[in-house]
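# Reading the structure
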Amino acid sequence: MRIVFMGTPDFAVPSLQALIDAGHDVCAVYTQPDKPQGRKQILTAPPVKTLALEHDIPVFQPNTLKNEDEQARLRELAPEVIIVVAYGKLLPKAVLDIPPHGCINVHGSLLPKYRGAAPIQWAVLNGDAVTGVSTMYLDREMDTGDVIYTTQTPVGEFETAGELFDRLAVMGADLLVRTLRDIAAGTAPRTPQDHRQATYTRPLTRDDSPIDWNQSPRVIIKHICGLEPWPVATAELGGQTFKIHAADYSERTTRKAPGTIVAAGKDGVTVACADGQTVRITQLQAPGKKRMSAADYLLGHTLPVEG
């Protein structure tokens, strides 16, 4: 099929690669403008742009699709279908109406659950046992269109949002290829969403990072996993704010207040949480330092223990 692909971050890369590998005619790629990144604020191309240029696919990076010139260019490209994977912009009706087979989206949740931003992170944060990906027809509202296919997968107990992100990106690419095959054959289903069952997620910020030690061990561990690799959970330990990258369950019990360090040694840093339970921090990052195991950090530093 003749395709215009719209996507920006790493999550969209496997889908674009899968379309290329399947022999589709990807006539153009639309992605967000290059942005400054890192401490030196170096202007950096989105991952989707990098892949497109490797395959000599024309790349367009408009600030908006709402103006008539951009819409005219899309009409001239004459795509049979527009594929949207984490593009970062809502498509106006004039764009939605261009391709005869519609605009197809790959979304990182089992719709109608987790419409909106950061669905993968919130699946981990909320401790979901199962999540997945959906393909759907785009309409004018966010993530409300008819679902074509879904596929699901269990969420590992200690699986981070980043690890789940990578898995779902590949699953989404496979599902997209299947979706396009069946659309071309005229056999693809179209199932309206039950809007009464819809839930919405919001973007994460660094304000979400601090760990609430008044929560249960599982909620705390899921908090740490869900914020990895960004914005990363944080905790104040011994008067310093550490980034907390990984933790484990601990059988130790205590009468100390939540947030109190009750042990620190070769197994990590054990901290009191709700109902006399504890969580063991296994990987952390001190201010201005590299990420390391808690045991390695303790070889050269001390933390106040109130065991």
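Figured I'd write up the structure that's included with this text.

The rules behind each value
- Residues numbered from 1 in each chain as written.
- Predicted model: local features only at pLDDT ≥ 70, side-chain atom pairs only at ≥ 80, totals over all residues.
- Heavy atoms only, no water.
- 1 Å grid on protein atoms, 1.4 Å probe; cavity = no way out; pocket = protein on both sides within 12 Å on 5 of 7 lines; lining within 4 Å.
- Points joined across faces, edges and corners; volume = space filled by probe spheres on them.
- Helix = DSSP H or I, 4+ residues; strand = E, 2+ residues; numbered from the N terminus.
- Nonpolar A, V, L, I, M, F, W, Y, C, P; charged D, E, K, R; others polar.
- Pairing = 2+ DSSP bridges.
- Contact = heavy atoms within 4.5 Å.
- Axes fitted to C-alpha atoms, helices over the stretch in contact; angles between N-to-C directions.
- Buried < 20%, exposed > 50% of the residue type's maximum accessible area, 1.4 Å probe, protein only.
- Parallel < 35°, antiparallel > 145°, perpendicular 65-115°, else oblique.
- Left-handed = near helix turned anticlockwise from the far one by under 90°.

So, on to the layout of surface pockets. In this structure, the largest pocket encloses a volume near 1400 Å³. As for the largest pocket, its lining consists of 45 residues, of which Pro9, Ala86, Tyr87, Gly88 and Ala118 are closest to the centre. Only β3 (35–37), β7 (103–107), α5 (119–125) and α6 (161–185) provide two or more residues apiece to the lining of the largest pocket. Taken together, the residues of the lining of the largest pocket break down into 26 nonpolar, eleven polar and eight charged.

With that out of the way, let us pick up the sheet that holds β7. Taking strand neighbours across the sheet as the criterion, the seven strands line up as β5-β2-β1-β6-β7-β9-β10 in an open arrangement whose pairing is mixed. Each of the sheet's edge strands pairs with one partner strand only, and the pair in question is β5 (59–60) and β10 (147–154). With four bridges joining them, β7 and strand β9 (residues 130–137) adopt antiparallel strand pairing. Within the sheet, the bridge partner assigned to Val106 lies in β9 and is Thr135. Its contacts with the sheet put α6 on β1 (2–7), β6 (81–85), β7, β9 and β10, and the angle it makes with β10 is roughly 150°.

It is worth spelling out unusual backbone geometry at this point. Look at the link from Leu111 to Pro112: it is a cis peptide, with omega at 15°. Looking at the element boundaries, Pro112 is found in the loop between β7 and β8 (115–116). Of note, the bond from Glu228 into Pro229 is cis; its omega dihedral lies within 30 degrees of zero at 15°. Note on placement: Pro229 falls in the loop between α7 (217–226) and β12 (233–237). In this model, Ala78 sits at a positive phi of 50°, which is unusual for a non-glycine residue. With phi around 60°, Asp143 is a residue other than glycine that occupies positive phi space. Within the secondary structure layout, Asp143 lies in the loop between β9 and β10. The class of Asp143 is buried, set by a relative accessible area of 9%.

Another aspect to go through is the packing of helix α1 (residues 13–21) against helix α2 (residues 47–54). With their axes 9 Å apart at the nearest point, α1 and α2 run at an angle of 20° to one another. One element, α1, and the other, α2, form an angle in the roughly parallel class. Judged by the sense of rotation from one axis to the other, the crossing of α1 with α2 is right-handed. Packed against α1, whose contacting residues are Val13, Leu16 and Gln17, the element α2 presents Pro47, Val48, Leu51 and Ala52 at the interface. Looking at the contact of α1 with α2 residue by residue, the classes come out as six nonpolar, one polar and no charged.

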